[in-house]
Amino acid sequence: MAVAVTTKTAWKLQEIMAHSSNVSSVVLGKGSGRMLATGGDDCRVNIWSVSKPNCIMSLTGHTTPIESLQVNPNEKLIVAGSRSGSIRVWDLEAAKVLRTLPGHKANICSLHFHPFGSFVASGSLDTNIKLWDVRRKGCIFTFKGHTEAVRCLRFSPDGKWVASAADDHTVKLWDLTAGKLMFEFTGHTGPVNVVEFHPNEYLLASGSSDRTVRFWDLEKFQVVSCIEEEATPVRCVLFNPDGCCLYSGFQDSLRVYGWEPERCFDVVLVNWGKVADLSISNNQLIGVSFAQSTVSSFVVDLSRVPKSDSVPHGLIRDDQPLVPPTPTGSSLRRIYDRPSTSCSKPQRVKHNSESERHSPSSEDDRDEKESKAEIQNQEDYKEIFQPKNAICRTPPRNEPFPAPPEDEPGAAKEAVKPSQAADVQTSLPKQELPDPVQRPPIASSTSLTRTEPSVIPAARNEPIGLKASDFLPAVKNQSQTELVDEEAMSQIRKGHETMCVVLTSRHKNLDTVRAVWSTSDIKNSLDSAVAINDLSVVVDLLNIVNQKASLWKLDLCTIVLPQIEKLLQSKYESYVQTGCTSLKLILQRFLPLITDMLAAPPSVGVDISREERLHKCKLCYKQLKNISNVVKNKSGLSGRHGSAFRELLLLMAVLD
């Protein structure tokens with residue numbers, strides 16, 4: 001019988017030499033996920049079909065490097081903003097420049113098309129936001145309020161609002177009809193890089209360089225939730241088309257979030273570096289990134305990625321019960337009122353004074369004449385932008401990109417879906433079956449029901465490896481249906497005294513640790529917990545320390561790291577989770593210090609404190625190297641374990 005080939009969850013699709021100089025901007029068409037536009041320091045805008053190596057069209061006319069790009073929803077128009085503040089709108093079907101829009105005094109940092117009107121919003125380094133009417137060739141309104149560069153703009157799905165994110169750490173919501181600021185969302189502590197409206201609900205997501213993703217309620221104008229302590233800045237975000245979850249692009253990883261309550265459902269390792277844009281097509285997520293003159297595209301198979309209707313993945317503490325998220329798309333939050341057809345005209349937008357409007361001039365006409373669309377690949381151009389059937393006018397979207405096979409046979413474990421688990425469970429270790437909480441031991445197999453699983457879930461509603469019927473006397477006569485109470489109770493009480501002794505001993509040990517902590521400090525209490533040689537006591541203590549990051553010192557790391565190595569290899573899921581949380585805190589707070597100390601040149605003279613600190617750093621580095629081997633071995637697991645270990649593997653990359 002042929003063995004099914006296991007395919008990758010994420011893979012690199014292609015790498016192209018996009019420009020003769022450095023690439024400065026890339027964007028994907030959201031309608032098809034197959035159109036790619038790139039802008040470069042060579043002042044050109046090049047149009048590509050994703051997965052094809054040749055440029056379809058090259059747009060010229062800008063005299064300074066391209067800083068921002070955006071494609072309209074039906075992928076018929078593209079707008080490009082340059083370093084000088086000039087904006088050009090191109091008609092891709094006609095292969096010519098449609099409008100030149102001057103007005104900004106500095107770099108164009110962000111652009112966005114109105115969802116159904118002929119409007120474009122632009123944000124600049126000059127801190128202004130301008131709304132342009134492409135048909136009238138002029139500026140309708142200028143929004144002023146930000147104090148630093150406007151990095152991202154998004155129109156709401158109903159076309160009535162525009163949200164802006166800026167380097168001044170704020171997100172602002174503007175009313176297009178009234179022409180004024182509706183609300184300013186504060187809370188980020190770093191530049192806000194991206195904003196995105198929920199496709200259906202009154203909800204806004206924002207991602208920042210402060211490494212947080214925040215969700216904002218657009219009815220109550222308050223924060224819904226905040227996901228913190230990620231390893232790298234948030235570069236791009238995108239809601240799933242049905243609004244069930246949010247995909248966030250980070251350095252070399254994709255994270256899947258829910259917001260009520262805030263959860264990380266999965267972390268997918270994608271070696272895309274600094275991802276610049278995301279798009280979804282055929283249940284695949286396409287991501288693009290650029291470095292120097294090359295642009296790379298990547299694909300993530302979303303059918304293999306857990307969403308909000310799955311058991312959440314990632315680092316989940318024992319004190320946080322597994323509460324299923326509130327279903328999205330419910331009546332809890334207001335839904336956008338969209339126009340009846342895509343051809344409906346938007347509500348009238350408030351205009352500035354006549355002086356704000358721009359009238360065409362001979363200079364603009366000359367600019368448009370100098371702008372050219374050089375068709376590099378006539379065949380692809382006709383196929384995509386001038387199809388014979390007028391109904392099908394976006395790039396081909398017939399089939400998803402084929403997934404390549406896994407590089408290593410061992411990686412096939414990740415391909416097992418919950419529906420397939422019953423068919424292959426005899427060939428896989430039990431700890432790698434997906435959703436262990438939802439799949440108790442199967443009673444029909446005599447060889448498996450009596451075996452204790454290799455990983456004991458943290459949340460369960462029955463004894464592990466035991467059944468209630470095992471404690472009851474066997475029924476010799478089938479007609480005997482009632483049991484004597486005394487006989488049943490005696491069977492149930494089996495092992496009760498042993499359990500009481502175990503819990504009493506644990507309570508005594510915790511009292512000892514608590515007494516040391518109250519009379520001394522956290523370091524001595526950890527020493528005493530380690531000396532007791534009971535991992536359950538260490539776990540209880542770490543669960544307290546993990547909640548207050550300020551308690552962590554370099555001294556604690558030298559004590560805790562050997563214990564973390566044991567916890568990560570434990571059969572108890574709660575122990576593994578605690579170990580992962582502690583290791584993540586140590587890596588985020590102390591790994592930069594450790595690497596800097598080891599890389600620093602020797603000090604002049606005698607510095608006792610520095611020598612002690614260097615000794616601790618060397619010890620921690622050695623312990624972290626040992627732990628990194630455990631993390632690498634377990635990063636291939638599926639489920640919440642795999643997600644947590646893959647996240648730790650990213651943080652530990654500097655150790656290699």
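Since we're looking at a predicted model, the values are computed, not measured.

1. Section: unusual backbone geometry
In this chain, Glu-260 is followed by Pro-261 through a cis amide linkage whose omega measures -5°. Mapped onto the fold, Pro-261 is located in the loop between strand S24 (253–259) and strand S25 (262–269). A positive phi angle, close to 55°, is found at Ala-95, a residue other than glycine. Mapping Ala-95 onto the fold places it in the loop between strand S8 (87–91) and strand S9 (96–101). Phi is positive for Asn-282, close to 55°, though the residue is something other than glycine. Looking at the secondary structure, you find Asn-282 in the loop between strand S26 (275–281) and strand S27 (284–291).

2. As for the packing of helix H6 (residues 522–532) against helix H8 (residues 554–568)
For any two helices packed against each other, one specifies the inter-axial angle together with the distance between the axes. In the contact formed by H6 and H8, the axes pass within 10 Å of each other and the chain directions differ by 20°. Considering their axes alone, H6 and H8 lie roughly parallel with respect to each other. As H6 runs across H8, the sense of the crossing is left-handed. On the side of H6, the interface is formed by Ile-522, Lys-523, Leu-526, Asp-527 and Val-530, while H8 contributes Asp-555, Leu-556, Ile-559, Val-560 and Gln-563. Partitioned by chemical class, the residues of the contact of H6 with H8 number 6 nonpolar, 1 polar and 3 charged.

3. Thoughts on the sheet that holds strand S20 (residues 213–217)
If you trace the 4 strands from one edge of the open sheet to the other, you get S18-S19-S20-S21, paired in antiparallel fashion. Two strands close off the open sheet at either side, each with one partner strand: strand S18 (192–197) and strand S21 (222–227). Each strand axis lies, on average, 20° off the axis of its neighbour in the sheet, ignoring direction. Direction of pairing for S20 relative to S21: antiparallel, over a ladder of 5 bridges. Of the residues in S21, the one forming a bridge with Asp-217 is Gln-222.

4. What about the packing of H8 against helix H10 (residues 608–634)?
Relative to each other, H8 and H10 sit at 20°, their axes nearing to 9 Å. When the axes of H8 and H10 are compared, the pair comes out roughly parallel. Both H8 and H10 take part in a crossing whose hand is left-handed. Seen from H8, the contacting residues are Leu-554, Asp-555, Cys-557, Thr-558, Leu-561, Pro-562, Ile-564, Glu-565 and Leu-568; seen from H10, they are Arg-613, Lys-616, Cys-617, Leu-619, Cys-620, Gln-623, Leu-624, Asn-626, Ile-627, Val-630, Val-631 and Lys-634. Class assignment for the residues of the contact of H8 with H10 results in 13 nonpolar, 3 polar and 5 charged.

5. Brief notes about the confidence of the model for the chain
Taken over all residues, the pLDDT of the chain has a mean of 78, while the share at 70 or more is 73%. For the stretch residues 340–348, pLDDT sits under 50, and the model shows 10 contacts to residues farther than four places along the chain or on other chains. Predicted confidence for residues 388–397 stays below pLDDT 50, and this span has 23 contacts to residues more than four positions away or in other chains.

6. What about the side chain of Arg-154?
Among the secondary structure elements, Arg-154 is positioned in strand S14 (residues 150–155). Overall, Arg-154 belongs to the buried group, its relative accessible area being 15%. A distance of 3.1 Å separates polar atoms of two side chains, one belonging to Arg-154 and the other to Glu-196. Residues contacting Arg-154, with those up to four places away along its chain left out, are Gln-70, Leu-111, His-112, Trp-161, Val-162, Ala-163, Val-195, Glu-196 and Phe-197.

7. Observations regarding H6
Considered for burial, the residues of H6 that qualify are Ile-522, Ser-525, Leu-526, Ser-528 and Ala-529. Seen along its axis, H6 keeps its buried residues to an arc of 160°; they face one direction. The inward-facing, buried residues of H6 abut helix H5 (496–519), helix H7 (535–545) and H8.

8. Remarks on the nonpolar core
Counting 44 residues, the largest nonpolar core has Trp-552, Leu-561, Leu-568, Leu-583 and Leu-624 as its most contacted members. Of all the secondary-structure elements, those providing two or more residues to this core are H6, H7, H8, helix H9 (573–599), H10 and helix H11 (639–651). When residues of this core are assigned to their parent elements, the largest contribution, 11 residues, is made by H9. For Leu-561, the residues in contact, after removing those within four places along its chain, are Leu-583, Ile-586, Cys-620, Gln-623, Leu-624 and Ile-627. Leu-238, Ile-280, Leu-302 and Val-305 belong to the second-largest nonpolar core, a separate cluster that totals 20 residues.

9. Re the pattern of salt bridges
For the coordinates displayed, the defined rule picks out 14 salt bridges. Among the ionic pairs, Lys-172 bridges to Glu-184, the shortest N-O distance being 2.3 Å. Within this pair, whereas Lys-172 is found in strand S16 (residues 171–175), its partner Glu-184 is found in strand S17 (residues 180–185), the two being separated by 12 residues in sequence. For Glu-184, a relative accessible area of 32% gives the class partly exposed.

10. Comments concerning the sheet that holds strand S13 (residues 138–143)
A sheet is described by the order of its strands in space; here 4 strands give the open sequence S10-S11-S12-S13, paired in antiparallel fashion. Of all the strands in the sheet, just strand S10 (108–113) and S13 have a single pairing partner and so form its edges. On average, adjacent strands in this sheet sit at an angle of 25° to one another, irrespective of strand direction. Alignment of S10 against strand S11 (residues 119–124), held across 5 bridges, turns out to be antiparallel. Considered in S11, the bridge of His-112 is made with Ala-121.

Rules used throughout
- Residues numbered from 1 in each chain as written.
- Predicted model: local features only at pLDDT ≥ 70, side-chain atom pairs only at ≥ 80, totals over all residues.
- Heavy atoms only, no water.
- Helix = DSSP H or I, 4+ residues; strand = E, 2+ residues; numbered from the N terminus.
- Axes fitted to C-alpha atoms, helices over the stretch in contact; angles between N-to-C directions.
- Parallel < 35°, antiparallel > 145°, perpendicular 65-115°, else oblique.
- Left-handed = near helix turned anticlockwise from the far one by under 90°.
- Contact = heavy atoms within 4.5 Å.
- Nonpolar A, V, L, I, M, F, W, Y, C, P; charged D, E, K, R; others polar.
- Pairing = 2+ DSSP bridges.
- pLDDT = per-residue confidence, 0-100.
- Buried < 20%, exposed > 50% of the residue type's maximum accessible area, 1.4 Å probe, protein only.
- Polar contact = N/O pair within 3.5 Å; in protein donor to acceptor, adjacent residues only side chain to side chain.
- Arc of directions from axis to C-beta.
- Core = buried A, V, L, I, M, F, W, Y, C linked by side-chain atoms within 4.5 Å.
- Salt bridge = Lys/Arg side-chain N within 4 Å of Asp/Glu carboxyl O.

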